[in-house]
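# Inside the fold
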Amino acid sequence: MRKIAVIAAWEYLERVKSRFFLVSLILMPLIMISLGILPAFLIGGETQTRKVIAVADLTGVLLPRFANQLTKGQMAGENHPSYIIRPLDVAATSNEEAVRVEGDQLVVSGEVDGFCILKESKKGRYTIEFRSASLHEEPDKGDLENALKSILLEDTLISLGVPPSSLEWLNESVMVEMVILSSKEGRVEETNLKEFLQVFFSAYVFLMMLFFMILSSGQLLVRSVVEEKANRIVEILVSACTPTQLMTGKMVGLSCLGFTQMLVWSAVALIMSSVLSLEFIVHEQLLLLLLYFVLGYLFYASIFIAVGSPVTTEQEAQQVTGYLVIFLVIPLVLTVPAIQDPGAEWISILSYIPLLTPTMMGLRLALGSPALSEILTTVAIMLVSIYISMLVAGRIFRIAILSTGKRPTMRELISWVRTGA
Amino acid sequence: MIEALHLRKTFIRSVAVDDVSFQLRKGEILGLIGPNGAGKTTTIRIVLNILKPDAGEVLYEGNPFSEQSRNLFGYLPEERGLYRKSRVLDTITYFGCLRGMRKPFAREQALKWLESFDLARESNRKIEELSKGNQQKLQFIVAVVHDPWLVVLDEPFSGLDPLNQVTMQEIVAGLRNAGKAVILSTHQMDYAEKLSDAICLMHEGKVLLRGTVPELRKRYGTNTVRMEFSGDGSVLATIPGIKKVILSQSGAECELADGETTGRILGILSQKLDLRKFELVEPTLNSIFLDVVHKKNSPQSSGRVH
């Protein structure tokens, strides 16, 4: 036990003191932030897109009210662009063709994003022709249609004798609110969109942390084994302690390193979130989340050891960790559909695959609430898998650390695991 | 005392160590010699419990291996290397603690050793900044800082310049004087010969010879004579009883046939040549080794087509 502590302390201190650790401490949150927040900013940026639209009103009467309708606040909801209307003087060139040429010119030169022609094709029938350089520039078809329709509706209502004050009421009478439902211990709970985004953010941060921690300390683990094998320190080590002590010590030391990183990052995240006035959801299930985190970490660490310890050179180590990264990316990729629909059955099923359990359950804990039975089963599955993978990793490690030269074949590896010798 | 009893270890395709036995007392150096691939390193690894033998056992002061035994081992492996980015004193302290020392004591001892090697100034430098010779000394300190009673040195002289080789010889001899049991594994026979109290010669996983150096000399040194003379040395080859002749500028070295005595040969030669010198050759460990290996291989090699 004491030897494990000695090894763990050494592995921890030697790395905490290193420059590499400091750099990764700063670099990783930056990457995390750019990966986690930038897309939101980019998407968020688009919701505030301004579109400049030139409008030629061939009817000669609709333009002011049409512009007013389009630019009205309630039109520019979450996903709508806000419009800036640039009227074209139709009086000068009452010829429709000439107007079209002028407007097209504005579009092509990039002065406006689009060009819109309003005309009354028949008595009481209107058409809106929209011309732009790309489909992307197209305003929401509904926006244009609604703007014109509400003008016509107003006219009709006024002609029927409805007072203008009622018209205002009509415009403001309906508000749409989005509510996201989830089931929690049999009850249905509601979250509004803002809360949902915060939960999403928390879940995303959780996954990112898990991802980077496993990746960085897994890589460190493989590297340190390869280094000790290459310079034969490992021979001194295993004459001083058992391979199991060595492996455990390394894992404990590097885990502490990972948790130090996490602590620092959490502190950074907390400060950041208060600066950005984003609220972190401190879940009542935070402890469970942490439990899955630790379980996932241990499981992946043992996989890293099993795969990494037979490796003999730095290059091979990089290759191997490269393959493992793919494994790690799978749950990360699955995150997006999982967040959109955390109640889906396929997520429940994936929660029972040990490689995915920590991420999937982490998500589900953050987004909804899995049943107690599910939590117990998945934790049990993780414990069993960790036991098995540690056993396998230990057997491979014990032999692999003394073998140099060529990489062992699959058959040799299997025989190591089976016989333990 | 450490006793290795009938150790055997097989790997997937080969037998690395086959029925190896030896014993070693405190205050003695055992020279484990043999060519590369003879099974020396595997033997060492079994003694240090890095590998488990398939058969046989090692007794430490009469007891089988226990986890506590580990703290009594010191090991200098053949291929050297330490944590390049770590600091000298920290590294020694770490290995000391790993062998059961308390940290402050390990630090104190580490400093003492560094001073005795004139390395105290380097104690806060990174290992990669040290010269190669100093790195080797450092590695040696790592092997002995915890005051082990069994010190295993695998090829301690390789990679050292002549000056440092001499220093290392003194250090190894110093370990014996300090009452340690030392296993010195090397393929450099001359060092083994100079330093070892007992020799264990290995070849292809087996112990070919075992004994003290004088014993071995006595056993293998009686049939070669060296002489200096004036006259025609070619007569030597005609004398029955002389098996092999190597002529040189001023004399010759002759290997006598089995059962031949030096006295009879001296009698014959003194009539035919003007002898100035006639002596029994003390065979070097190297020649004994070559001799033994050759003898062992010859029955097989005679069957081969060359």
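Residues numbered from 1 in each chain as written. Chains lettered and ligands numbered in written order. Predicted model: local features only at pLDDT ≥ 70, side-chain atom pairs only at ≥ 80, totals over all residues. Heavy atoms only, no water.

A few words on the overall build of chain A. Helix and strand counts for chain A come out as 16 helices and six strands. Residues counted as buried form 44% of the 421 residues belonging to chain A. Here the contacts in chain A between residues at least 6 apart in sequence split such that 72% fall between residues at least 24 apart. (Helix = DSSP H or I, 4+ residues; strand = E, 2+ residues; numbered from the N terminus. Buried < 20%, exposed > 50% of the residue type's maximum accessible area, 1.4 Å probe, protein only. Contact = heavy atoms within 4.5 Å.)

A separate point is the confidence of the model for chain A. Mean pLDDT over chain A works out to 77, with 78% of the residues at or above the 70 mark. Averaged pLDDT values over the elements of chain A bottom out at 54 in helix 3 (residues 38-47) of chain A and peak at 90 in helix 1 (residues 2-16) of chain A. (pLDDT = per-residue confidence, 0-100.)

Quick look at the sheet that holds strand 6 (residues 73-76) of chain B now. Residue and element names in this part refer to chain B. Reading across from one edge, 6-7-8-3-9-10 is the order of the six strands in this open sheet, with mixed pairing throughout. Of all strands in the sheet, those with a lone pairing partner are strand 6 and strand 10 (206-212), marking the two edges. Taken over all neighbouring pairs, the strand axes of this sheet differ in orientation by 15° on average, direction set aside. With four bridges connecting them, strand 3 (residues 29-33) and strand 9 (residues 198-203) associate as parallel partners. Residue pairing for strand 9: Leu30 is matched across the bridge by Ala198. This element, helix 4 (residues 132-144), spans strand 6 and strand 7 (150-154) of the sheet and lies at about 160° to strand 6. (Pairing = 2+ DSSP bridges. Axes fitted to C-alpha atoms, helices over the stretch in contact; angles between N-to-C directions.)

Our next topic: unusual backbone geometry. All names here are of chain B. One non-glycine residue, His6, lies in positive phi territory at about 50°. Backbone geometry places Asp118, a non-glycine residue, at a positive phi of 60°. For Asp118, a relative accessible area of 55% gives the class exposed.

All names here are of chain B. Spatially, 12-13-11-14 is the arrangement adopted by the four strands of the open sheet, whose pairing is antiparallel. Each edge of the sheet is formed by a strand with only one pairing partner; in this case those strands are strand 12 (242-247) and strand 14 (274-280). In this sheet, adjacent strand axes meet at a mean angle of 25° when their direction is disregarded. Across five bridges, strand 11 (residues 224-230) lies against strand 13 (residues 251-256) in antiparallel orientation. Pairing of Val225 across the sheet is with Cys254, part of strand 13. The sheet contacts of helix 8 (residues 262-272) involve strand 11, strand 12, strand 13 and strand 14, and relative to strand 14 the element is tilted by about 170°.

A word on the pattern of salt bridges. This model, assessed by the stated rule, comprises 33 salt bridges over all chains. The residue B:Arg25 makes a salt bridge to B:Glu28 at a minimum N-O spacing of 3.9 Å. Overall, B:Arg25 belongs to the partly exposed group, its relative accessible area being 43%. Here the residues in one salt-bridge network are A:Glu97, A:Arg100, A:Asp104, A:Glu129 and A:Arg131, joined through shared partners. (Salt bridge = Lys/Arg side-chain N within 4 Å of Asp/Glu carboxyl O.)

Summarising the element assignment, A:Leu413 is placed in helix 16 (residues 410-419). The sequence separation of A:Leu413 and A:Arg395 amounts to 18 residues, and the corresponding C-alpha distance is 9.3 Å.

Residue and element names in this part refer to chain B. Taking burial as the measure, the six residues of strand 9 include six buried ones, the bulk of the element. With burial as the criterion, each face of strand 9 is covered, one bearing Ala198, Cys200 and Met202 and the other bearing Ile199, Leu201 and His203. Where strand 9 and strand 10 come together, six bridges link them in antiparallel fashion. Bridge pairing in strand 10 places Leu201 opposite Leu209. Following strand 9, the chain reverses through two residues before pairing antiparallel with strand 10; Glu204 in that reversal takes a positive phi of roughly 50°.

Residues and elements named next belong to chain A. Here Asp57 is to be found in strand 1 (residues 50-57). Although Asp57 lies buried, it forms no salt bridge, and the closest oppositely charged side chain, Arg65, sits 9.3 Å away as judged by the N-O distance. A polar contact of 2.5 Å, which involves the side chain of Asp57, links it to the side chain of Thr59. In this structure the side chain of Asp57 is engaged in a polar contact, spanning 3.2 Å, whose partner is the backbone nitrogen of Val61. Among all residues touching Asp57, those that are not within four sequence positions of it are Leu62, Leu63, Val90 and Leu118. (Lys, Arg positive; Asp, Glu negative; His and termini not counted. Polar contact = N/O pair within 3.5 Å; in protein donor to acceptor, adjacent residues only side chain to side chain.)

Axes are the key here: two packed helices are described by the angle between their axes and the distance separating the axes. Residues and elements named next belong to chain B. Remark: helix 2 (residues 88-98) packs on helix 3 (residues 103-116), axes separated minimally by 8 Å, with the N-to-C direction vectors making an angle of 125°. Compared by their axis directions, helix 2 and helix 3 come out oblique. Both helix 2 and helix 3 take part in a crossing whose hand is right-handed. Note on element contacts: helix 3 touches helix 2 through Lys103, Ala106, Arg107, Ala110, Leu111 and Leu114, opposite Val88, Leu89, Asp90, Ile92, Thr93, Gly96 and Cys97. When grouped by side-chain class, the residues that make up the contact of helix 2 with helix 3 number eight nonpolar, two polar and three charged. (Parallel < 35°, antiparallel > 145°, perpendicular 65-115°, else oblique. Left-handed = near helix turned anticlockwise from the far one by under 90°. Nonpolar A, V, L, I, M, F, W, Y, C, P; charged D, E, K, R; others polar.)

The topology assignment puts B:Arg99 in the loop between helix 2 and helix 3. Of the side chains with opposite charge, B:Glu67 lies nearest to the buried B:Arg99, which makes no salt bridge, at 9.5 Å. Beyond its immediate chain neighbours, meaning those up to four positions away, B:Arg99 contacts A:Ile236, A:Ser239, A:Ala240, B:Arg70, B:Asn71, B:Phe73, B:Tyr75 and B:His146.

Another point: the interface of chain B and chain A. Facing the 32 residues of chain B at the interface are 22 residues of chain A. Interface of chain B and chain A: buried area, both sides summed, is about 2600 Å²; carbon and sulfur atoms make up 55% of it. Counting the surface chain B buries against chain A, the share from its top three residues, B:Tyr83, B:Tyr94 and B:Leu98, is 25%. If you look at where chain B meets chain A, you find two salt bridges. A salt bridge links A:Lys17 to B:Asp90; its shortest N-O distance comes to 3.4 Å. The interface formed by chain B and chain A contains twelve residue pairs in polar contact (both at pLDDT 80 or more). Listing elements by their share of the side of chain B that touches chain A, those giving two or more residues are strand 6, helix 2 and helix 4 of chain B. Sorting elements by how many residues they give to the side of chain B that touches chain A places helix 2 of chain B first, with six residues. Taken together, the residues of the side of chain B that touches chain A sort by class into 15 nonpolar, seven polar and ten charged. (Buried area = accessible area lost by both parts, 1.4 Å probe.)

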